[in-house]
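Chains, contacts and geometry: an overview
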Amino acid sequence: MKLKTMTMEWTGDTLVLIDQRRLPFEEVYVTCADYRAVALAIKEMVVRGAPAIGATAAFGYVLGAKEITRKTYNYEQAVLQMKSVKETLAKTRPTAVNLFWALDRMEKRLIEHGKFEGLSKALEDEAIKIAKEDIETNKAIGRHGAALLEDGFTVLTHCNAGALATVDYGTALGVLRAAKEQGKRIKVYADETRPYLQGARLTAWELMKDGFDVTLISDNMAGWVMKQGKINAVIVGADRIAANGDVANKIGTYMVAVLAKKHGIPFYVAAPLSTIDLSIKSGKEIPIEERSHEEVATCGGKRIAPNNVNIYNPAFDVTEHELVTAIITEKGVVYPPYEENLKKLFEE
């Protein structure tokens, strides 16, 4: 079975990913023929965005299974070797919980299958199921979130939580798409999102392709734009949500949330249940990835900082639940108290 979306294409033997590092100037694709190539693509941000990383890792797991089943005819040995595949993929990005959720689900399917015959096919079917479920999940998030937006609203978003951050459609941008599909006129302000510029390169590109009225601003303009009364709501995605509703998202999100609180603007987080990690009590337990210092020291391949200057480059920050108006999931909009109400989602 094959699958093709804006973000990825599964051919049955390879995973083809749009290289998000090259957008918006070039549409270049990276073909991954084994799980090691998939791991590298995740680590080097060929693909990014928590749901997209999860689905990509699932297909990487399938490629690992295909390689191992060509070398052995023993189920027990295959299960043992797949632990190494999972470990390689799991080490790529520490913050996005969807990565670990998808790999755990794939490993569970491996154990459930229980035999060597048809193993790769069973895992391939599961990965495709994860990918297709993600699209339907995003559309459900979009429908629930669109109800929060009125005709004529202007929304501020940070980073990219669109089709490129998922298998397709998007979480935060999925809400905007759903509102537009309902006939609502929605304008968007997109933060550029330094240092990797996902807002400038990806969000602006996606929204323009979809015909949105989108305005790009630098990150340090958000507060002034809010003060001028230009923003009706803020919608962002998430890479991990703790049991108490604390949200880890792209660096700069916390700053936007504080500014939204100051100006009385609702701050919404759009994310699937797979991003909610009830195993951790608060955002203090979320591991924060620190990326290459070159991302801060350079822009567009050109150095903009003095040589040997000290640099700190956390890829994510944590927004406390007190700053979050509501969390939009595929099961509905969740309001405080989050510790109680997020738990109910999984009990249902």
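Residues numbered from 1 in each chain as written. Predicted model: local features only at pLDDT ≥ 70, side-chain atom pairs only at ≥ 80, totals over all residues. Heavy atoms only, no water.

Per an unreviewed UniProt entry, the protein chain carries the name Methylthioribose-1-phosphate isomerase and comes from Fervidobacterium gondwanense DSM 13020. UniProt, in the comment section headed Catalytic activity (unreviewed entry), describes the protein chain in these words: "5-(methylsulfanyl)-alpha-D-ribose 1-phosphate = 5-(methylsulfanyl)-D-ribulose 1-phosphate". The record in UniProt for the protein chain states the following under Sequence similarities (unreviewed entry): "Belongs to the EIF-2B alpha/beta/delta subunits family. MtnA subfamily." (UniProt positions renumbered as here; feature names shortened; annotations may be inferred.)

Let us look at unusual backbone geometry. Leu 23 connects to Pro 24 through a cis peptide bond whose omega is 10 degrees. The topology assignment puts Pro 24 in the loop between strand 3 (15-18) and strand 4 (29-32). The peptide bond linking Pro 336 to Pro 337 adopts the cis configuration, its omega dihedral lying at 0 degrees. Among the secondary structure elements, Pro 337 is positioned in the loop between strand 17 (332-334) and helix 11 (338-347). Even without being a glycine, Thr 193 presents a positive backbone phi close to 70 degrees. With respect to the secondary-structure elements, Thr 193 resides in the loop between strand 6 (187-191) and helix 7 (198-209). (Helix = DSSP H or I, 4+ residues; strand = E, 2+ residues; numbered from the N terminus.)

Attention now goes to the side chain of Asn 138. Structurally, Asn 138 can be placed in helix 5 (residues 119-146). Non-local contacts of Asn 138, meaning those with residues more than four positions away in its chain, are made with Thr 166, Asp 168, Tyr 169, Gly 170 and Thr 171. (Contact = heavy atoms within 4.5 Å.)

Feature annotation in UniProt assigns "site: Transition state stabilizer" (unreviewed entry) to the following positions: Cys 159. Not counting chain neighbours up to four residues away, the residues in contact with Cys 159 comprise Arg 48, Asp 191, Thr 193, Gln 198, Gly 199, Thr 203 and Lys 250.

So, on to the state of the cysteines. Summed over the entire model, instances satisfying the criterion amount to zero disulfides. Looking at Cys 299, it has no disulfide partner, and the nearest cysteine sulfur is the one in Cys 159, 15 Å off. For Cys 299, a relative accessible area of 34% corresponds to the partly exposed category. (Disulfide = S-S within 2.5 Å. Buried < 20%, exposed > 50% of the residue type's maximum accessible area, 1.4 Å probe, protein only.)

Taken as a class, soluble globular proteins show a tendency for nonpolar side chains to be buried jointly. Residues Trp 10, Leu 15, Leu 17, Phe 59, Tyr 61, Met 106 and Leu 123 are the most contacted members of the largest nonpolar core, which totals 43 residues. Listed by contribution, the elements that provide at least two residues to this core are strand 2 (8-10), strand 3, helix 1 (35-43), helix 2 (50-71), helix 3 (75-90), helix 4 (97-113) and helix 5. Sort the elements by how many residues they give to this core and helix 2 lands first, with 11 residues. Setting aside chain neighbours within four positions, we find Leu 123 in contact with Tyr 61, Val 62, Ala 65, Met 106, Arg 109 and Leu 110. (Core = buried A, V, L, I, M, F, W, Y, C linked by side-chain atoms within 4.5 Å.)

Strand order in the open sheet formed by seven strands is 7-6-5-8-11-16-17, with mixed pairing between adjacent strands. With one partner strand each, in any of the chains shown, strand 7 (213-217) and strand 17 form the two edges of the open sheet. For this sheet, the mean angle separating the axes of adjacent strands, direction not counted, is 25 degrees. Strand direction decides the pairing type here: strand 11 (residues 267-270) and strand 16 (residues 326-329), joined by three bridges, are parallel. When the sheet's bridge partners are listed, Tyr 268 is paired in strand 16 with Ala 326. Together, strand 5 (154-157), strand 6, strand 8 (233-236), strand 11 and strand 16 form the strand contacts of helix 6 (residues 172-181), whose direction differs from that of strand 8 by roughly 125 degrees. (Pairing = 2+ DSSP bridges. Axes fitted to C-alpha atoms, helices over the stretch in contact; angles between N-to-C directions.)

Quick look at the UniProt feature "active site" (unreviewed entry) in the protein chain now. Under the feature "active site" (unreviewed entry), the UniProt entry names Asp 239. Looking at the element boundaries, Asp 239 is found in the loop between strand 8 and strand 9 (240-242). The class of Asp 239 is buried, set by a relative accessible area of 8%. Ignoring sequence-local partners within four residues, the contact set of Asp 239 consists of Ala 50, Thr 95, Ala 96, Val 97, Asn 98, Ala 248, Asn 249, Lys 250, Thr 275 and Phe 316.

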